[in-house]
Every structure is written in structure tokens, then in C-alpha cells.
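Residue-level structural notes
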Protein chains: 2
Amino acid sequence: MSAVGTSGISILLVDDHPVVRQGYRRVLEHQDDFRVVAEADNAAGAYRAFKAHQPDVVVMDISMPGASGLEAIRNIRARDADARVLVFSMHSEVAQVKAAFGAGASGFVTKGSEPAELIAAIRSVVRGEHAMSDDVARVLALESLVPTKSALDELGEREIEILRQLVAGATKEQIAENLNLSTKTVQNYHYLIKAKTGMRTDAQLVRLAVECGLANL
Amino acid sequence: MSAVGTSGISILLVDDHPVVRQGYRRVLEHQDDFRVVAEADNAAGAYRAFKAHQPDVVVMDISMPGASGLEAIRNIRARDADARVLVFSMHSEVAQVKAAFGAGASGFVTKGSEPAELIAAIRSVVRGEHAMSDDVARVLALESLVPTKSALDELGEREIEILRQLVAGATKEQIAENLNLSTKTVQNYHYLIKAKTGMRTDAQLVRLAVECGLANL
DNA sequence: TGCAGGTCGGGAAATTTGCCCGACCAAGTT
DNA sequence: AACTTGGTCGGGCAAATTTCCCGACCTGCA
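Described below are features of the structure shown in this document. (Residues numbered from 1 in each chain as written. Chains lettered and ligands numbered in written order. Predicted model: local features only at pLDDT ≥ 70, side-chain atom pairs only at ≥ 80, totals over all residues. Heavy atoms only, no water.)

**A closer look at unusual backbone geometry**
When glycine is set aside, most residues are seen to have a negative phi, and most peptide bonds are trans. One non-glycine residue, A:Q54, lies in the positive phi region at around 45°. Here A:Q54 is to be found in the loop between α2 (43–53) and β3 (57–60). (Helix = DSSP H or I, 4+ residues; strand = E, 2+ residues; numbered from the N terminus.)

Here's what the structure looks like:
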């Protein structure tokens with residue numbers, strides 16, 4: 001799955017800040033088996049560049065306008081299940097980390113990390129492993145000790161119930177009847193739920209819900 | 001979740017043949033803690049009766065006109081995840097048994113079984129267990145030893161691939177691009193797939209595909 | 001008192017769905 | 001060789017749905 005005709009690790013760099021890209025390109029190319037083969041400054045461009053270059057790894061900042069970084073990861077992974085995406089973010093909020101891995105990322109490194117950590121993470125993910133910087137690991141570990149906030153936690157009670165029935169296979173009309181709502185309201189909730197969870201497709205939504213244990217009760 | 005104000009087990013009997021209902025009503029009410037609180041002769045009626053009576057268990061023949069028994073089960077379970085449905089069928093074909101459990105049934109007894117088996121199964125499912133008559137268990141066990149025909153077997157190669165990407169979370173546009181098709185064709189396949197598998201909702205389709213191991217490649 | 005947030009639905013334009021149809025092509029038929 | 005069968009691909013078109021945005025009503029809470 002590595003790029004044809006050359007050895008070393010080919011990299012696609014995605015960040016909406018040109019200066020940041022420059023800086024990291026410099027850092028990465030200091031490793032002589034690393035090659036930054038393309039750059040992109042938005043989700044759509046990232047996807048296009050991925051298709052064009054098939055890099056060994058995509059290093060991506062997901063806090064881009066439109067919060068579409070996750071979308072880009074999903075797109076890339078939907079196209080090629082072997083794709084490796086290492087997200088490289090400002091913050092290490094649990095929700096964001098989980099969302100990233102949920103979208104198919106292979107690693108998560110914060111921008112506060114040492115360059116060496118980023119480099120190590122890149123090598124790690126191209127080997128097929130998962131990687132994250134220490135600070136990320138720490139918040140995640142800590143978080144796993146408490147009740148666990150899932151991606152569904154920002155949903156209200158009504159939204160959860162509607163999602164549950166949706167996932168159970170009920171049609172909107174049936175849900176409307178079950179809950180004594182208008183079909184329109186159920187449609188609005190459905191839309192809202194997708195917006196809140198960041199899922200674009202019903203399929204994504206169903207799988208998220210199933211993973212969060214919302215299925216079969 | 002049991003009916004208010006009374007002890008014993010309340011039952012909703014669903015079968016399109018009045019005589020059969022009569023016969024089984026007789027048999028069931030011979031148990032003095034059983035009460036047949038309602039009857040229905042079709043899927044829609046079953047759903048309505050369920051809503052009206054909230055029986056402890058629904059005993060249902062699924063070979064009704066329109067093959068809508070499964071639909072009825074799904075409706076009932078979507079409305080109340082605690083609902084118990086015991087299907088009571090003429091045949092014990094693997095596909096039908098699987099479809100029934102897939103739709104949310106808690107038990108499956110053939111009409112060839114002894115009354116005692118039906119009664120035992122009813123007690124079993126109200127206790128929250130799963131139950132099936134010996135003959136059903138036998139075909140199912142036997143079937144689990146061979147390659148397994150899934151509900152997806154009637155789908156062609158193209159259909160499978162499109163379903164796979166759909167379930168992976170890709171949008172129709174992305175699929176169209178990945179496979180070099182027009183969006184319209186992907187839409188048509190999506191429609192066809194739902195028709196062939198008998199799934200009415202995307203959610204149902206996704207869960208079917210996941211159960212058939214189509215997820216994650 | 002006022003503000004935040006959950007619940008419920010209308011409106012309207014853009015898209016999608018449901019269903020049917022025709023065309024092409026490869027593989028068999030007898 | 002003329003024919004059927006079945007998978008693949010897409011147009012058409014009315015009906016339904018989605019996507020956003022907005023207003024209204026509660027309730028809790030500062």
C-alpha cells in the first residue's frame with residue numbers, strides 16, 4: 001500500500017495554516033526517509049490529495065473551518081480502509097480524541113508535543129499500530145475511570161429516545177405515533193441528532209449508536 | 001412491564017386463521033394464570049392491539065398475508081424494547097427463524113409442537129429468556145455448521161460492494177465517485193438493495209449488513 | 001427578571017426516494 | 001443464429017424528505 005517506485009514514508013500534510021505546514025514540513029523532511037508529497041488546507045482538498053497521491057500517512061489538523069476534519073478522515077477511510085491518518089491537534093479534549101479515533105484515525109498527537117513524538121507516532125502508525133502522545137493518553141486513561149461520556153452525551157433525553165427507535169428500525173411515522181409527535185418534529189430531531197453527533201449519514205449514525213450500546217434497549 | 005391490576009400472564013394472540021386462534025385460546029386459557037387479552041388477524045391489527053393492551057407476551061404466526069409478521073414484530077419492539085414476542089409458525093425454515101429473531105422475537109415454536117412446549121416457551125420468554133422448540137433448535141444447530149446463507153446472498157457483487165460502502169458511512173456521491181458511477185445509479189442500487197433484503201429503513205439495512213459481517217470490510 | 005436550554009413544529013428550497021422504464025452486454029438455450 | 005436470462009447502468013418524474021432557519025412555550029436557575 002506504500003507509494004510505488006520509492007522507499008521511505010510518503011506524507012500528506014493537512015492544516016489550514018500555511019505557516020504551520022511550512023514549519024512541520026521542515027521538521028518532517030529532516031528525517032531523510034520522510035517525504036511530504038502533498039499539502040492541503042481543507043477537508044475537501046485533503047480528500048482530493050489523498051486520492052491523487054495515496055500517501056503512506058496523512059498528518060492532519062482536525063480543527064479546521066467547518067469541523068470537517070473528521071469528515072475528511074471518514075472519507076479517506078471509506079475510500080481506502082488501509083489508509084493511515086494521524087491527527088495532530090491543538091487540544092486534547094476527550095470528545096475530540098474519541099471522535100477522531102471513531103472516524104478512523106490511527107493516532108492522535110497534540111501540537112504541544114515534541115517533534116520527536118510526532119515523528120515516532122508517524123513511524124508507529126505506518127507500521128499499522130495506533131499512537132498517541134502521552135498527554136492524550138493521560139486524559140483518555142483518566143476518562144475511562146469515570147462513567148464515560150459517549151458521543152451521545154450531548155444529546156437530550158428526547159433525542160436519545162428518538163435515536164433509539166430510529167436505530168431499532170422504526171420509521172419516522174412510527175416514532176411520531178409512539179411519542180405523540182408530528183412527523184415533522186421527528187424529522188427535525190433526526191436532523192438535529194446528525195448535526196450534534198457530526199454524523200452525515202444514517203449509516204454512520206446507526207453504527208455510532210450501536211457502539212454506544214443504544215441498540216437492543 | 002406486566003399489565004396493571006392483575007397477576008398472571010397476559011397474552012395477545014395473532015394469527016390470520018380464526019379457528020386456529022380459537023383452538024389455541026382454549027389451550028392457553030387452560031392454564032389458569034394465562035389470560036388471552038386480545039386477538040388480531042393481521043400485522044397492523046397486532047400492532048394496534050399491542051399498543052392498546054400491553055400484553056406480557058405476543059404469540060404470533062408470522063406467515064400472514066404480506067409476510068408482514070416480521071414487520072409487526074419490528075414495530076412492536078421499536079415501540080417497546082421490553083416487549084416479548086413468541087413466534088408460532090407452520091414451518092421451521094432457517095431463514096424464517098433467523099428473520100424472526102433478527103426482527104426481535106424472543107422465541108420460535110412450530111405448530112407441530114406439543115401444547116406443553118408452547119406453554120413452556122411462553123413462560124420462558126416472559127421470564128426474559130429465549131425459547132425455541134426442539135425441532136427449531138435442531139435445524140438451527142445443523143445450519144450453523146455449514147457456510148451459512150445470509151440474507152445478503154441474493155445480492156449481486158455490485159450490490160454488495162455498494163452496500164459495504166454505504167454501511168462504512170460513505171455518502172452516495174462518494175460511492176459514485178469511487179466506483180465511477182452516476183449518483184443516480186447508486187441511488188437505484190440503494191433502492192434495489194432495500195427491496196431485495198426487505199429492509200424498509202436504512203437503519204435496518206445497516207444492522208443487517210453488520211450482522212452479516214459486512215462491516216469493516 | 002431574565003437568560004439559557006430543551007421541546008415542539010411551521011416554512012421553503014434543494015435533494016432524495018420510490019418505482020418504472022429502456023439500453024447494453026455476457027452467457028447460455030435449444 | 002435468433003432468443004432468453006440476468007447483471008449493470010442510468011433517465012424520468014411525482015411524491016417525500018432533508019436541510020436550515022425561525023418562533024413559541026416551558027422549566028430551572030442565577
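**Observations concerning the sheet that holds strand β5 (residues 107–110) of chain B**
Paired through their backbone hydrogen bonds, the strands of a sheet run either parallel or antiparallel. All names here are of chain B. The strand order across the open sheet built from six strands is β2-β1-β3-β4-β5-β6, with neighbouring strands paired in parallel fashion. Only two strands of the sheet have a single partner each, and these edge strands are β2 (34–40) and β6 (131–132). Relative to β5, strand β4 (residues 85–89) is paired through four bridges, and the arrangement is parallel. Across the sheet, residue F88 finds its bridge partner in β5, namely V109. The strands touched by helix α2 (residues 43–53) within the sheet are β1 (9–14), β2 and β3 (57–60), with β2 carrying the most contacts at an inclination of about 135°. Sheet strands in contact with helix α3 (residues 69–79) are β3 and β4, and its direction is about 175° off that of β3. (Pairing = 2+ DSSP bridges. Contact = heavy atoms within 4.5 Å. Axes fitted to C-alpha atoms, helices over the stretch in contact; angles between N-to-C directions.)

**A short note on the pairing of β4(B)**
Residues and elements named next belong to chain B. Of all five residues making up β4, five are buried, and the element is well covered by its neighbours. Every second residue of β4 is oriented toward a common face, with V85, V87 and S89 on one face and L86 and F88 on the other, all of them buried. As judged from the three bridges shared by β3 and β4, these two strands associate in the parallel manner. Within β4, the position partnered with V59 by the bridge is L86. (Buried < 20%, exposed > 50% of the residue type's maximum accessible area, 1.4 Å probe, protein only.)

**Some thoughts on helix α7 (residues 157–168) of chain B**
Counted at 1.5 Å a residue, the expected span for α7(B) with its twelve residues is 16 Å, and the 17 Å between its end C-alpha atoms agrees. For α7(B), the complete set of buried residues consists of B:E159, B:I162, B:L163, B:R164, B:Q165, B:L166 and B:V167. Tucked into the core, α7(B) has its buried residues touching α10 (202–211) of chain A together with α8 (172–179), α9 (183–197) and α10 (202–211) of chain B. Directly after α7(B), the chain includes B:G169, whose backbone phi takes a positive value near 105°. (Expected span 1.5 Å × (residues − 1).)

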